[in-house]
Amino acid sequence: MQYKVYPPTTLRTTVHLPASKSISNRALIINALSLSTLPIKNLSDCEDTRVIIDTFNSNSNIFDVKAAGTAMRFLTAFLAGMEGEWIIRGSKRMHERPIHPLVDALTALGAEIEYLEKEGYPPLKIKGRRLKGGEVYLSGNISSQFISALLMIAPLMENGLIVHIEKEIVSKPYVQLTLSMMKKFGITAKWEDNDIIIKHQDYTPVSMTVESDWSAASYWYAMTALSDDPDAQVTLLGLEKDSWQGDSAVVTLFSYLGVSTEFFDKGIVIRKTKERSKKFFHDFVDQPDLVQTFATTCCFLNIPFLFSGIQSLRIKETDRILALMTELKKLGFVLKETDIGMMEWDGERSFPEVNPLIDTYDDHRMAMSFAPAAIRYNSIIINDPKVVNKSYPNFWNDLKSAGFRIEKIE
Ligand SMILES: O=C(O)C1=C[C@@H](OP(=O)(O)O)[C@@H](O)[C@H](O)C1
Ligand SMILES: C=C(OP(=O)(O)O)C(=O)O
């Protein structure tokens, strides 16, 4: 199934953004570790969060987390510390996403974990037990989710845990987010150079409200930047100024692409401005989930770019570097991977396809970052549009409310 998306002539809308899946998923894990019965308000209704809820509600010991990286990594650590025998699996792609650094660390701490198919990848058979803790070494340059997964179970370990992080840390704000959430639930941690130290301590149950998702907001920034309406203005509800989410960097980053942000008590108002950089440079190592939004927006605004720090994109829902290069080529943009973790568009063009069909590769962010192309091309066809359910199930309805017309093609 495909959607043909047509843009509105003006852009003025108010959007109830989805709740952050990163915060929702941490809240569920921490709530379970705290044995809390207090509510988590505004939990995301996305698929990546639903798979954790389903796991906790399941009567079976076999769990399927589908395409949710956070669920796979967080639950692997959670189950490794829980008495019992568990099997955790996911989508075909999940079975191609590495997990060995986390498994090695958990094994060093005393868990028994077996690879059921390919060495180093899910599915896993876990013989869980109360872990005593101590010290572990973990590479930080593959996924920060391994670090977050270990940190959340650390306070329950009799001897506490010291995580020595080796190599460069990718997606660092997500580790900070984990520690901030643990702090909200009463846990103190020390982060000194590349070591994170957590003593044995009890979580204190608290009730919390999940803030809206800044990564989801980025698609509305893109639409505002691209809109032909000089008075384009979008109100995005539920976003907070002092957010724990690293992707709140969109505020600054989009100021270079002609979008201003004003905070108010219920969220933000973003508006089109005339100020735009001639070229866009950024190291995305702290905000990997924003790369697709910025690659498409820069191309559609005709702003050449050079991105660095994007090496982790190869092992996400799809190989996002390849997917971006392939799909932007269909629209006539020639991108180059100039070095490991670097991608450039120097303005080079090729003949665009006549009726391009944008493939989404089971990746929600491919669909959402190419949808704004409708504004630039008067329409765009997006393949397998339901992929958005992974993080933003209401995405297409929100577009319709903003005046986009969406035609379903079977
Ligand atoms: O911890 C998290 O909530 C996330 C961490 C990031 O992954 P990596 O650490 O694998 O880059 C990010 O891409 C993902 O969407 C969510
Ligand atoms: C990379 C992502 O998710 P995950 O790694 O949690 O599957 C994402 O949402 O962009």
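Residues numbered from 1 in each chain as written. Chains lettered and ligands numbered in written order. Predicted model: local features only at pLDDT ≥ 70, side-chain atom pairs only at ≥ 80, totals over all residues. Heavy atoms only, no water.

Chemist: Help me understand the environment of Gln145 in this model?
Modeler: If you trace the backbone, Gln145 turns up in helix α5 (residues 144-153). Here Gln145 falls in the buried class, since its relative accessible area comes to 16%. Along the primary structure Gln145 and Glu353 are separated by 208 residues, whereas in three dimensions their C-alpha atoms are 38 Å apart. Excluding anything up to four places from it in sequence, Gln145 contacts Gly69, Thr70, Arg73 and Phe74. (Helix = DSSP H or I, 4+ residues; strand = E, 2+ residues; numbered from the N terminus. Buried < 20%, exposed > 50% of the residue type's maximum accessible area, 1.4 Å probe, protein only. Contact = heavy atoms within 4.5 Å.)

Chemist: I would appreciate a short explanation of the domain arrangement of the protein chain in the present structure.
Modeler: Reports of interface size often rely on the accessible area that becomes lost once the parts have come together. In terms of domains, the protein chain is made up of domain 1 (2-18 + 212-409) and domain 2 (21-209). Distance from the C-alpha centre of domain 1 to the C-alpha centre of domain 2: 29 Å. Residue-level contacts link 23 residues of domain 1 with 25 residues of domain 2. Interface area for domain 1 against domain 2, summed over the two sides, is near 2,000 Å², with a carbon-plus-sulfur share of 53%. Looking only at domain 1, the three residues that lose the most surface to domain 2 are Trp244, Ile315 and Lys390, adding up to 37% of its buried area. (Domains from an automatic or database assignment. Buried area = accessible area lost by both parts, 1.4 Å probe.)

Chemist: Before we go on, may I ask you to explain the site of ligand 2 in this structure?
Modeler: The full set close to ligand 2 counts 14 residues, and Lys21, Gly69, Arg97, Arg365 and Lys390 are the nearest of them. In the complex, the protein chains occlude 98% of the 290 Å² of accessible area that ligand 2 would expose alone. Looking at the shell around ligand 2, the elements with two or more residues in it are α3 (69-80) and α11 (364-370). Looking at the shell around ligand 2, its residues break down into 2 nonpolar, 4 polar and 8 charged. (Near = heavy atom within 4 Å. Areas by Shrake-Rupley, 256 points an atom, 1.4 Å probe, with all protein chains shown as cover. Nonpolar A, V, L, I, M, F, W, Y, C, P; charged D, E, K, R; others polar.)

Chemist: I tried to follow the sheet that holds strand β13 (residues 233-237) on my own but got confused; where do I start?
Modeler: Whenever strands of a sheet pair, they do so through backbone hydrogen bonds, lying parallel or antiparallel. Judged by pairing direction, the sheet is mixed, and its 4 strands sit side by side in the order β2-β13-β15-β14 without closing on themselves. Lying at the two open borders of the sheet, with one neighbouring strand each, are β2 (12-16) and β14 (257-264). Across the sheet, the axes of successive neighbouring strands diverge by a mean angle of 25 degrees, strand direction being ignored. The strands that helix α7 (residues 214-226) touches are β2, β13, β14 and β15 (267-276); relative to β15, the one it contacts most, it runs at about 40 degrees. (Pairing = 2+ DSSP bridges. Axes fitted to C-alpha atoms, helices over the stretch in contact; angles between N-to-C directions.)

Chemist: Would you take a moment to explain the pairing of β13 for this structure?
Modeler: Consecutive side chains along a regular strand alternate between the two faces of the sheet. Burial analysis of β13 places 4 of its 5 residues in the buried class, which makes it a mostly covered element. Note: β2 against β13, 5 bridges, orientation parallel. Each residue of the ladder has a partner; that of Val15, found in β13, is Leu236. Summarising the sheet, β13 and β15 pair through 5 bridges and their orientation is antiparallel. Among the inter-strand pairings, Gln233 is bridged to a residue of β15, identified as Arg271.

Chemist: How do you make sense of the sheet that holds strand β8 (residues 134-139) when you look at a structure like this?
Modeler: Pairing in this open sheet of 4 strands is mixed, and the strands run β8-β9-β11-β10 from one edge to the other. With one partner strand each, in any of the chains shown, β8 and β10 (190-192) form the two edges of the open sheet. The sheet shows a mean angle of 20 degrees between the axes of neighbouring strands, taken without regard to direction.

Chemist: Where do I start with the nonpolar core in this structure?
Modeler: Side chains of nonpolar character tend, in soluble globular proteins, to be buried together. With 71 residues, the main nonpolar core has Trp220, Leu236 and Trp396 as its most contacted residues. Per element, the largest residue contribution to this core is 10 residues, and it comes from α7. Those residues in contact with Leu236 that sit more than four places away from it in its chain are Val15, Leu17, Ala217, Trp220, Tyr221, Lys266, Gly267, Ile268 and Ile270. Ranked by size, the runner-up nonpolar core spans 64 residues in total, among them Phe74, Phe78, Ile113 and Tyr115. (Core = buried A, V, L, I, M, F, W, Y, C linked by side-chain atoms within 4.5 Å.)

Chemist: Please explain helix α1 (residues 21-33) as it appears in this structure.
Modeler: End to end, α1 covers 18 Å across 13 residues, agreeing with the expected 18 Å (1.5 Å per residue, within 8%). The element α1 is extensively covered by neighbouring structure, given that 12 of its 13 residues are classed as buried. Those residues of α1 that sit buried are Lys21, Ser22, Ile23, Ser24, Asn25, Arg26, Ala27, Leu28, Ile29, Ile30, Asn31 and Leu33. Measuring from the backbone nitrogen of Ser22 back to the side-chain oxygen at the start of α1 gives 3.3 Å, which picks out Ser20 as the cap. Trailing α1 by a residue or two, Leu35 shows a phi angle of about 55 degrees, which is positive. (Expected span 1.5 Å × (residues − 1). Polar contact = N/O pair within 3.5 Å; in protein donor to acceptor, adjacent residues only side chain to side chain.)

Chemist: Where do I start with unusual backbone geometry in this structure?
Modeler: Excluding glycine, residues mostly carry a negative phi; peptide bonds, for their part, are mostly trans. With an omega of 5 degrees, the peptide bond running from Pro122 to Pro123 counts as cis. Mapping Pro123 onto the fold places it in the loop between β6 (112-115) and β7 (124-128). For Ser171, which is not a glycine, the phi torsion comes out positive at approximately 55 degrees. Given a relative accessible area of 5%, Ser171 falls into the buried group.

Chemist: I'm lost on the site of ligand 1 in this one. Help?
Modeler: Around ligand 1, the structure places Lys21, Ser22, Arg26, Thr70, Ser143, Ser144, Gln145, Ser171, Tyr174, Pro288, Asp289 and Lys316. Lys316 has a polar side-chain atom sitting 2.6 Å from an oxygen atom of ligand 1. For ligand 1, whose unbound accessible area comes to 390 Å², protein coverage reaches 96%. Elements represented by at least two residues in the shell around ligand 1 include exactly α1 and α5. Taken together, the residues that form the shell around ligand 1 break down as 2 nonpolar, 6 polar and 4 charged. Taken domain by domain, the shell around ligand 1 gets at least three of its residues from each of domain 1 (2-18 + 212-409) and domain 2 (21-209).

Chemist: Can you walk me through the packing of α7 against helix α9 (residues 291-301) in this structure?
Modeler: The angle between the axes and the distance between the axes are what describe a pair of packed helices. Between α7 and α9, whose axes approach to 10 Å, the crossing angle comes to 5 degrees. Between α7 and α9, the angle is such that the two are roughly parallel. In this structure, α7 uses Ser218, Tyr219, Ala222, Ala225 and Leu226 to contact α9, whose residues at the interface are Thr293, Thr297, Phe300 and Leu301. Residues of the contact of α7 with α9, tallied by class, amount to 6 nonpolar, 3 polar and no charged. (Parallel < 35°, antiparallel > 145°, perpendicular 65-115°, else oblique.)

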